[in-house]
Amino acid sequence: MAYPLSAYIALRYSTAGKHNSFVAFINRFSVAGIALGLMSLIIVLSVMNGFEAQLRQRILGIVPQVVAHNASVDDVLQLPLTEVRAASPFREAEGLVQSRQALRGVQLQGVDPAIMAKHSIVSDYMLEGNFERLEEIKFGAIISRALAQELSVNVGDQIRVMAAGASVYTPFGRMPSQRLVTIAALFNLGSQLDDKVIYLRLDDLTRLLRKPKDSPADVRLFLNNAFNYQGVVAELEQAGYSTSNWRSRQGPLFDAVKMEKNMMFLMLLLIIAVAAFNIVSALVMVVSEKSGDIAILLSQGMTVATVRAIFMLNGIFNGLKGALIGAVLGILAVVYINDILELLGIYLALSADGPGLPIDMQWHQVVWVTLFSLGLCLLASCYPAQRAMKVQPAKVLQQES
């Protein structure tokens, strides 16, 4: 019976405030602070998750996720690589592309068009043409819209591709191996790497590099989750293959994004902590105001443990109100954030032609931060509850008489 009584009294204290408007204001202020902090945290985490997912999708869709060197596709696929969804022969080299208007340095990627069409995200962002066009055109190339604009070319035009790693002797001296290629298709992933790569058929790049047709190529692996590359790399290296992966090229970028996400998370947690510890001042005032009530309850047989439970539950009730309001408002804001921004005339997107802020709300994060907020409220209630336990009934009643 003690616990329901303490819960009843705590609920009365947390909802009543007519006799002390200042205490009621502090109570409402702490609830509002918890709600706003939790709402902000849910919004920021969802946007940062979406931003990270977009980077992973767009940048790691262009950069090879894992490459096994001097290996064959059949040998690699015989290994127990559970995270790998596909593998294809692959070759890469540095080079230059030249049109009548411009010259740009790029990465030349020799690929299997059929595998790329099925497993590469680039195939989902084609503006004109597709990977199958590489099979139809002799010395064809797929480039991004950004690179096409820089070179002032379009599908069907020809550009000169020069490979830095191969050269030929001419009457004018040693010259880099080069070839006129026809633009077969355009893609637009909207990433910073779009204009730094062009795709060629593997055999065409092999010829451009002046390598024998049967020379061994590398193996490009497509993973279900690019962040789970370490197990795949460990299996390949255990089998004796040397490897490279996306971390060597784009690791610092993702580390910076993760650090920014963690710092934003920490700052907003501190906002919630400040709001939660406003509960301390509110409950201390309640203890001072209700010291006479506490003394009467103790003199009539209520245990100090029950008194402590009253004020612990009082803080928890405030935390529950703030957490519930903050979670509901945060979820609604995340669902409708792009509509709200559009209504306010604020246009934000990952790229110039993007649909708006990328959003990825993860429910386990929402639950975790909500429980953390409640934990802070419980912690903030400990000191006022301990202070209430130290009330001396005889002394308090003597002062009030």
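Cut-offs used in this document
- Residues numbered from 1 in each chain as written.
- Predicted model: local features only at pLDDT ≥ 70, side-chain atom pairs only at ≥ 80, totals over all residues.
- Heavy atoms only, no water.
- Phe/Tyr/Trp six-rings, centres within 6.5 Å; stacked < 30°, edge-to-face > 60°.
- Helix = DSSP H or I, 4+ residues; strand = E, 2+ residues; numbered from the N terminus.
- Buried < 20%, exposed > 50% of the residue type's maximum accessible area, 1.4 Å probe, protein only.
- Lys NZ or Arg CZ within 6 Å of the ring centre and 35° of its normal.
- Core = buried A, V, L, I, M, F, W, Y, C linked by side-chain atoms within 4.5 Å.
- Contact = heavy atoms within 4.5 Å.
- UniProt positions renumbered as here; feature names shortened; annotations may be inferred.
- Axes fitted to C-alpha atoms, helices over the stretch in contact; angles between N-to-C directions.
- Parallel < 35°, antiparallel > 145°, perpendicular 65-115°, else oblique.
- Left-handed = near helix turned anticlockwise from the far one by under 90°.
- Nonpolar A, V, L, I, M, F, W, Y, C, P; charged D, E, K, R; others polar.
- Expected span 1.5 Å × (residues − 1).
- Bend = angle between axes of the 7 residues up to and from the residue.
- Salt bridge = Lys/Arg side-chain N within 4 Å of Asp/Glu carboxyl O.
- Pairing = 2+ DSSP bridges.
- Patch = residues over 30% accessible without salt bridge, like charges linked within 9 Å, V, L, I, M, F, W, Y side chains within 5 Å.
- Areas by Shrake-Rupley, 256 points an atom, 1.4 Å probe, with all protein chains shown as cover.
- Lys, Arg positive; Asp, Glu negative; His and termini not counted.
- Charge placed at Lys NZ, Arg CZ, Asp CG, Glu CD.
- Arc of directions from axis to C-beta.

K.L.:
When you look at the packing of aromatic side chains in this model, what are you seeing that I'm missing?
P.N.:
One pair of aromatic rings is described through two measures. These are the centre distance and the angle between the planes. Tallied over the full model, the rule gives eight aromatic pairs. Geometrically, the ring pair formed by Phe 265 and Trp 368 is tilted, given 5.9 Å between the ring centres and 40° between the ring planes. Of the two residues, Phe 265 is situated in helix 9 (residues 247–289) and Trp 368 in helix 12 (residues 363–380); the sequence distance between them amounts to 103 residues. The exposure class of Trp 368 is partly exposed, given its relative accessible area of 46%. Each member of the aromatic cluster is reached from another via a ring pair, and the members are Phe 227, Tyr 229, Trp 246 and Phe 254. Directly above the ring of Phe 227 sits Arg 56, whose terminal nitrogen or CZ lies 4.0 Å from the centroid.

K.L.:
Would you explain the nonpolar core in this entry?
P.N.:
The nonpolar side chains of a soluble globular protein tend to be buried, and buried together. Core analysis: the largest hydrophobic core is formed by 44 residues, its most contacted members being Phe 131, Tyr 199, Leu 221 and Leu 236. Within the residue set of this core, elements represented by two or more residues are helix 2 (21–62), strand 1 (66–68), strand 2 (84–98), strand 7 (173–187), strand 8 (197–201), strand 9 (218–223), helix 8 (229–238) and helix 9. Excluding residues within four positions of it along the chain, Leu 236 makes contact with Val 66, Ala 68, Val 76, Leu 79, Leu 81, Leu 221, Tyr 241 and Thr 243. Grouped together as the second largest cluster of nonpolar side chains are 31 residues, Leu 41, Ala 273, Ala 275 and Ala 380 included.

K.L.:
Would you mind going over the UniProt feature "transmembrane region" (unreviewed entry) in the protein with me for this structure?
P.N.:
Within this structure's numbering, the places UniProt gives as "transmembrane region" (unreviewed entry) are residues 29–48, 265–288, 294–311, 323–350 and 362–383. Secondary structure over residues 29–48 splits into 100% helix and 0% strand, and the C-alpha atoms at its two ends are 28 Å apart. Here residues 265–288 is 100% helix and 0% strand, with 36 Å between the C-alpha atoms at its ends.

K.L.:
When you look at the packing of helix 11 (residues 304–343) against helix 12 in this model, what are you seeing that I'm missing?
P.N.:
The description of two helices packed together rests on the angle between their axes and the distance between the axes. As a packed pair, helix 11 and helix 12 sit with axes 8 Å apart at the nearest point and diverge in direction by 155°. When the interaxial angle is binned, helix 11 and helix 12 end up roughly antiparallel. Crossing handedness for the pair helix 11 and helix 12: right-handed. Residues Met 312, Gly 315, Ile 316, Gly 319, Leu 320, Ala 323, Ala 327 and Ile 331 of helix 11 form the contact with helix 12, whose participating residues are Trp 363, Val 366, Thr 370, Leu 374, Cys 377 and Leu 378. Residue composition of the contact of helix 11 with helix 12, by class: eleven nonpolar, three polar and no charged.

K.L.:
Explanation requested: helix 11 in the structure shown.
P.N.:
An α-helical segment advances 3.6 residues per turn. Residues three or four places apart therefore align on the same side. Helix length check: helix 11 (40 residues) gives 55 Å between terminal C-alpha atoms against 58 Å at 1.5 Å per residue, within 8%. The largest bend along helix 11 reaches roughly 65° and is located at Tyr 336. Immediately beyond the C-terminal end of helix 11, within one or two residues, lies Gly 345, with a positive phi of roughly 75°.

K.L.:
Which parts of the structure should I look at to understand the pattern of salt bridges?
P.N.:
When the charged atoms of two side chains with opposite charge come close together, those side chains can pair. For the structure shown, the criterion picks out eight salt bridges. Measuring nitrogen to oxygen at the nearest pair gives 2.6 Å for the salt bridge that ties Arg 249 to Glu 92. Separated by 157 residues along the polypeptide, Arg 249 in helix 9 and Glu 92 in strand 2 bring together distant segments of the chain. Via salt bridges that share partners, Arg 201, Asp 203 and Asp 204 belong to a single interconnected network.

K.L.:
Help me understand the pairing of strand 2, please; the structure alone is not making it clear to me.
P.N.:
Along any regular strand the residues' side chains alternate between the sheet's two faces. As defined by bridge partners, strand 2 adjoins strand 9 across six bridges and the pair is classed as antiparallel. Residue pairing for strand 9: Phe 90 is matched across the bridge by Asp 218. In this sheet, strand 3 (residues 103–111) lies alongside strand 2 in antiparallel orientation, the contact comprising eight bridges. Bridged to Glu 92 within strand 3 is Gln 109. Joining the antiparallel neighbours strand 2 and strand 3 is a turn of four residues.

K.L.:
When you look at a positive patch on the surface in this model, what are you seeing that I'm missing?
P.N.:
Taken together, Lys 138, Arg 179, Arg 207, Arg 210 and Lys 213 make up a surface patch of like positive charges. With respect to the helices and strands, Lys 213 occurs in the loop between helix 7 (202–208) and strand 9.

K.L.:
What is the right way to look at the pairing of strand 3 in this model?
P.N.:
Where strand 3 lies against strand 8, five bridges are found, and the strand directions are parallel. Each residue of the ladder has a partner; that of Gln 107, found in strand 8, is Val 197.

K.L.:
Just to check I follow, could you spell out helix 8 for this structure?
P.N.:
If you check which residues of helix 8 are buried, you get Tyr 229, Val 232, Val 233 and Leu 236. All buried residues of helix 8 fall inside an arc of 100° around its axis, so they share one side. Exposed residues lying more than 90 degrees from the buried face of helix 8 are Gln 230 and Gln 238. Where helix 8 ends, the next residue or the one after it, Gly 240, has phi of about 100°, a positive value.

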